[in-house]
Amino acid sequence: MDIKNIYHIAQRAMGAQLVRLNATASNLANADNIASSPQDAYKPVKPIFETKYFDLIRKRGISTVDAVTVQKMDIDPIKEFKPGHPMADQDGFIYRAPVNIEEEYVDMLEASRQYQNNVEVISTVRALMLKTASMGK
Amino acid sequence: MVDNIKQQLNVLSNALRVRNQKQEILASNIANAATPNYKARDVEFEVELARSLNVGPLKTSNKSHIAVTSKNLPGKVQFRQSVNPSVDGNTVELAVEQMEFAENAVRYQTTLDFINSKVRGLMGAIRGE
């Protein structure tokens, strides 16, 4: 979709932040997941943000952001020795999802802050546009 | 006569247009506040306004003179010098952008108020009040 005006800029930026919030929510929900093999263990996901420019030559400086992909982070699961655990493998190890809860919290706060900023942009622009539309009355 | 009225609003309408352009760029900066390697941009209002009015640093006293800045040239979008550069190569500082955006919105509003009072004055003159 083309970026036509300021609403598109904020709209897509908010969309990207929502993807980020979704990723954070998935990571937090799976924070204590246990698997019986390193392959099956949950890996935290992170969205990749990319700037989308209004024009190819980037002359006008107008751009928005897109969450192009959501990637799995390349971290090894936490190996724990729990021989009696029902999910343990034959050597007695379980594999915990390597989710850093503090990091996810910070990410969540930042995403919501960015989202709010874009909402603020929209409400300011909307008020100004309404005033412009009633110009000279 | 109509041309005269148009001339009355020339500077203000151009100012409004430049403010709008600046606002779009600032909104882009805010949208990209979390994008790695994004460089914040901005335009200088005074320069852009002078350009849109075809006024340059050189005086044009004759019609065939050409001002150094011309409105036919593309706008000069510049990169912002960040106060505290961040590690991920992003130069957007939210506090700066928010402040700039708020200032720009107020100035847009003020320009709008100027236009309104100008229109009111012209209407008064036309009606002969």
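Q: Outline the overall build of chain B, listing residues and values.
A: Of regular secondary structure, chain B possesses three helices and two strands. When the helices and strands of chain B are placed in sequence order, the string is α-β-α-β-α. Taking all 129 residues of chain B together, the buried fraction comes to 43%. Intrachain contacts of chain B at a sequence separation of at least 6 include 69% that bridge at least 24 residues. For chain B, the exposed surface amounts to about 7800 Å²; the carbon and sulfur share of it is 56%.

Q: Got a sec to walk through the overall build of chain A? Specific residues and values, please.
A: Along its length, chain A carries two helices and five strands. Across chain A, helices and strands are ordered from the amino to the carboxyl terminus as α-β-β-β-β-β-α. Against the globule reference of 14 Å for 137 residues, chain A gives a C-alpha radius of gyration of 22 Å, more extended than a compact globule. Seen through its principal axes, chain A has C-alpha atoms that stretch 80 × 30 × 20 Å. Of all 137 residues assigned to chain A, the portion counted as buried reaches 36%. A total of about 8100 Å² of accessible surface is found on chain A, and carbon and sulfur atoms cover 55% of it. Here chain A holds 17 positive side-chain charges and 17 negative ones, and the gap between their average locations is 13 Å.

Q: Describe helix α1 (residues 2-31) of chain B, listing the residues and the values that go with them.
A: Its 30 residues give α1(B) an end-to-end C-alpha distance of 42 Å, which sits within 8% of 44 Å, the value for a rise of 1.5 Å per residue. The largest bend along α1(B) measures about 45° and falls at B:N10.

Q: Any chance you could break down the sheet that holds strand β5 (residues 93-96) of chain A for me, citing the residues and the numbers?
A: All names here are of chain A. One open sheet holds the three strands; their spatial order is β1-β5-β4, and the pairing between them is antiparallel. Edge strands, defined here as strands with exactly one partner in the open sheet, are β1 (34-35) and β4 (78-81). One ladder, built from two bridges, connects β1 with β5; its direction is antiparallel. If you follow I34 over to β5, its bridge partner there is R96.

Q: I'd like to hear about the packing of aromatic side chains, residue by residue, with values.
A: One pass over the full model with this rule turns up one aromatic pair over all chains. Over the ring of A:F93 we find A:K79, and its NZ or CZ is 4.5 Å from the ring centre. Across the ring face of B:F45, the terminal group of B:R19 is positioned such that the distance to the ring centre comes to 3.7 Å.

Q: Break down a nonpolar patch on the surface for me, citing the residues and quoting the values.
A: Taken together, the side chains of A:I101, A:Y105 and A:M108 present a nonpolar region at the surface, about 270 Å² in accessible area. Exposure remark for A:Y105: the relative accessible area of 47% places this residue in the partly exposed category.

Q: Got a sec to walk through the packing of α1(B) against helix α3 (residues 94-127) of chain B? Specific residues and values, please.
A: Each packed pair of helices is defined by two parameters, the angle between the axes and the distance between the axes. All names here are of chain B. Contact geometry of α1 with α3 gives a least axis separation of 9 Å together with a crossing angle of 160°. In terms of orientation, α1 and α3 fall into the roughly antiparallel class. Viewed along their axes, α1 and α3 form a crossing whose handedness is left-handed. In the contact of α1 with α3, the residues fall into 15 nonpolar, seven polar and six charged.

Q: Please give an account of unusual backbone geometry that cites residues and values.
A: Residue and element names in this part refer to chain B. Notably, N37 is not glycine yet its phi reads approximately 70°, a positive angle. Residue placement: N37 occurs in the loop between α1 and β1 (41-42). For N37, a relative accessible area of 56% puts it in the exposed group.

Rules behind the numbers
- Residues numbered from 1 in each chain as written.
- Chains lettered and ligands numbered in written order.
- Predicted model: local features only at pLDDT ≥ 70, side-chain atom pairs only at ≥ 80, totals over all residues.
- Heavy atoms only, no water.
- Helix = DSSP H or I, 4+ residues; strand = E, 2+ residues; numbered from the N terminus.
- Buried < 20%, exposed > 50% of the residue type's maximum accessible area, 1.4 Å probe, protein only.
- Contact = heavy atoms within 4.5 Å.
- Areas by Shrake-Rupley, 256 points an atom, 1.4 Å probe, with all protein chains shown as cover.
- Rg over C-alpha atoms; globule rule 2.2 N^0.38 Å.
- Lys, Arg positive; Asp, Glu negative; His and termini not counted.
- Charge placed at Lys NZ, Arg CZ, Asp CG, Glu CD.
- Expected span 1.5 Å × (residues − 1).
- Bend = angle between axes of the 7 residues up to and from the residue.
- Pairing = 2+ DSSP bridges.
- Phe/Tyr/Trp six-rings, centres within 6.5 Å; stacked < 30°, edge-to-face > 60°.
- Lys NZ or Arg CZ within 6 Å of the ring centre and 35° of its normal.
- Patch = residues over 30% accessible without salt bridge, like charges linked within 9 Å, V, L, I, M, F, W, Y side chains within 5 Å.
- Salt bridge = Lys/Arg side-chain N within 4 Å of Asp/Glu carboxyl O.
- Axes fitted to C-alpha atoms, helices over the stretch in contact; angles between N-to-C directions.
- Parallel < 35°, antiparallel > 145°, perpendicular 65-115°, else oblique.
- Left-handed = near helix turned anticlockwise from the far one by under 90°.
- Nonpolar A, V, L, I, M, F, W, Y, C, P; charged D, E, K, R; others polar.

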